[in-house]
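Each chain, letter by letter, is given below.
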Amino acid sequence: SQISRCGFHAGMRKNEIIEARVRWFNLDGETGSIHIENTESFRIKGDAKPRFIPLSERFREFLRGYLAGKPADAWALKPETQHGKGIYRYDFHAPYNYYLCEKKMRWVTAHVMRHTFASLLAQKGVSIYKVAGWLGDGVQTTVDHYAHLAPQDRDLEKAM
């Protein structure tokens, strides 16, 4: 689903997934990227700066089909749903839980997907600074949560 791909492939927060505009997804260039930015109806958490997240090839291929023909200013997820009285413009909780129940993975939430994205990057040795930037979190927060997952650092051995 588009929801799980935004979480597992980009570490997007729940409201970022809901409020994502088609224009946020740049499918051109060598890798493509997501540009999470403030809109008239969305503010990045904690007044953080807009950020870029590179796209995996698998996610980019999915997005090429999923976003085809949608206007740039349309919401990527459920573009026909407008803001109402609720916190979220559209809350994917019920349909997503139904989907997860079918897959026997009800424990997976948007936040679990975000943590999985960051954990996998840290385990593969991706710079904690890059991970922090892609998540839109501070470096110290990212270090506190994910640095212990990094592969053993052998730089000391190289120097000796």
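Refer to the structure printed above.
Report on the accompanying structure.

Scoring rules and cut-offs
Every chain is numbered independently, its residues counted from 1 as its sequence is written. Local features in this predicted model are restricted to residues of pLDDT 70 or higher, and side-chain atom pairs are both shown and tallied only at a pLDDT of 80 or more, whereas totals for entire chains, interfaces and linings draw on every residue. With hydrogens and water set aside, each side-chain value is computed from the structure's full complement of heavy atoms. A helix here means a DSSP run of H or I that spans at least four residues, while a strand means a run of E at least two residues long, and both kinds are numbered starting from the N terminus. Residue contacts are counted whenever heavy atoms from the two residues lie within 4.5 Å of one another. Whether two strands pair comes down to DSSP finding at least two bridges between them. Per-residue accessibility, obtained with a 1.4 Å probe over protein chains only, is compared with the maximum for each type, and a residue is labelled buried under 20%, exposed over 50%, and partly exposed between these values. By salt bridge we mean one thing: a side-chain nitrogen of Lys or Arg within 4 Å of a carboxyl oxygen of Asp or Glu. The reported arc concerns the directions from the helix axis to the C-beta atoms and nothing else. To define a nonpolar core, start from buried Ala, Val, Leu, Ile, Met, Phe, Trp, Tyr and Cys residues and group those joined through side-chain atoms within 4.5 Å. Aromatic pairs are defined between Phe, Tyr and Trp rings, using the six-membered ring for Trp, whenever the two ring centres lie within 6.5 Å; interplanar angles under 30 degrees are classed as stacked, those over 60 as edge-to-face, and all others as tilted.

Residue position: leucine 63 is located in helix H3 (residues 57-66). The spacing of leucine 63 and asparagine 26 is 37 residues in sequence and 9.7 Å in space, taken between C-alpha atoms. Ignoring any residue separated from it by four or fewer positions in sequence, one finds leucine 63 in contact with Phe25, Leu27, Leu55 and Ala68.

The next subject is the sheet that holds strand S2 (residues 33-36). Two orientations exist for strands paired in a sheet by backbone hydrogen bonds: parallel and antiparallel. Pairing is antiparallel in the open sheet, where three strands are placed in the order S1-S2-S3. Whereas interior strands pair on both sides, the edge strands pair on one side only; in this sheet they are strand S1 (25-26) and strand S3 (51-54).

What follows concerns the pairing of S3. Because side chains alternate across S3, one face comprises the buried residues Arg51 and Ile53, and the other comprises Phe52 and Pro54, none of which is buried. By the bridge criterion, four bridges tie S2 to S3 in an arrangement that is antiparallel. Pairing of isoleucine 36 across the sheet is with arginine 51, part of S3.

By the secondary structure assignment, arginine 21 is in the loop between helix H2 (14-19) and S1. Not counting chain neighbours up to four residues away, the residues in contact with arginine 21 comprise Thr39, Glu40, Ser41, Ala72, Asp73, Ala74, Trp75 and Ala76.

The next thing to look at is the pattern of salt bridges. Following the criterion strictly, the structure yields twelve salt bridges and no others. The partner of aspartate 91 in a salt bridge is lysine 14, with the nearest N and O atoms 2.9 Å apart. With aspartate 91 in the loop between H3 and helix H4 (93-102) and lysine 14 in helix H2, this pair connects stretches of sequence that are 77 residues apart. Arginine 60 is the partner of glutamate 57 in a salt bridge, and the nearest nitrogen-oxygen pair spans 3.0 Å. Here arginine 60 and glutamate 57 lie together in helix H3, a separation of three residues that amounts to about one turn. Residue classification places glutamate 57 among the partly exposed positions, given a relative accessible area of 42%. Of the residues examined, arginine 60 reaches a relative accessible area of 5% and is grouped as buried. Put simply, Arg13, Glu16, Arg51, Arg114 and Asp137 are held in one network by salt bridges that share partners.

Our focus in this paragraph is H3. Along an α-helix, residues three or four apart share an orientation, since each turn contains 3.6 residues. Along H3, the residues that are buried comprise Phe59, Arg60 and Leu63. Down the axis, H3 shows its buried residues gathered within 100° of arc, on one side only. Exposed side chains of H3 directed beyond 90 degrees from the buried face belong to Arg58 and Gly65. Where H3 is buried, its residues meet helix H1 (2-10), S1 and S2.

For the rest of this paragraph, the subject is the nonpolar core. Within the largest apolar cluster, 39 residues are counted, with the highest numbers of intra-cluster contacts made by Met12, Phe25, Ile34 and Phe92. Contributing elements (two or more residues each) for this core: H1, H2, S2, H3, H4, helix H5 (110-123) and helix H6 (128-135). Per-element accounting of this core gives the leading share, six residues, to H5. Setting aside anything within four residues of it in sequence, one finds phenylalanine 25 in contact with Ala20, Ser33, Ile34, Phe59, Leu63, Leu67 and Ala76.

Enumeration over the complete set of coordinates arrives at three aromatic pairs. Relative to phenylalanine 62, the ring of phenylalanine 59 lies with its centre 6.5 Å away and its plane at 15°, an arrangement referred to as stacked. You can see phenylalanine 59 and its partner phenylalanine 62 sitting in helix H3, three residues apart, about one turn around the helix. When its relative accessible area of 0% is taken as the criterion, phenylalanine 59 is described as buried. Given a relative accessible area of 21%, phenylalanine 62 falls into the partly exposed group. Aromatic pair phenylalanine 62 and tyrosine 66: ring centres 5.4 Å apart, planes at 20°, arrangement stacked. Taken as a pair, phenylalanine 62 and tyrosine 66 lie in helix H3 at a separation of four residues, close to a single helical turn.

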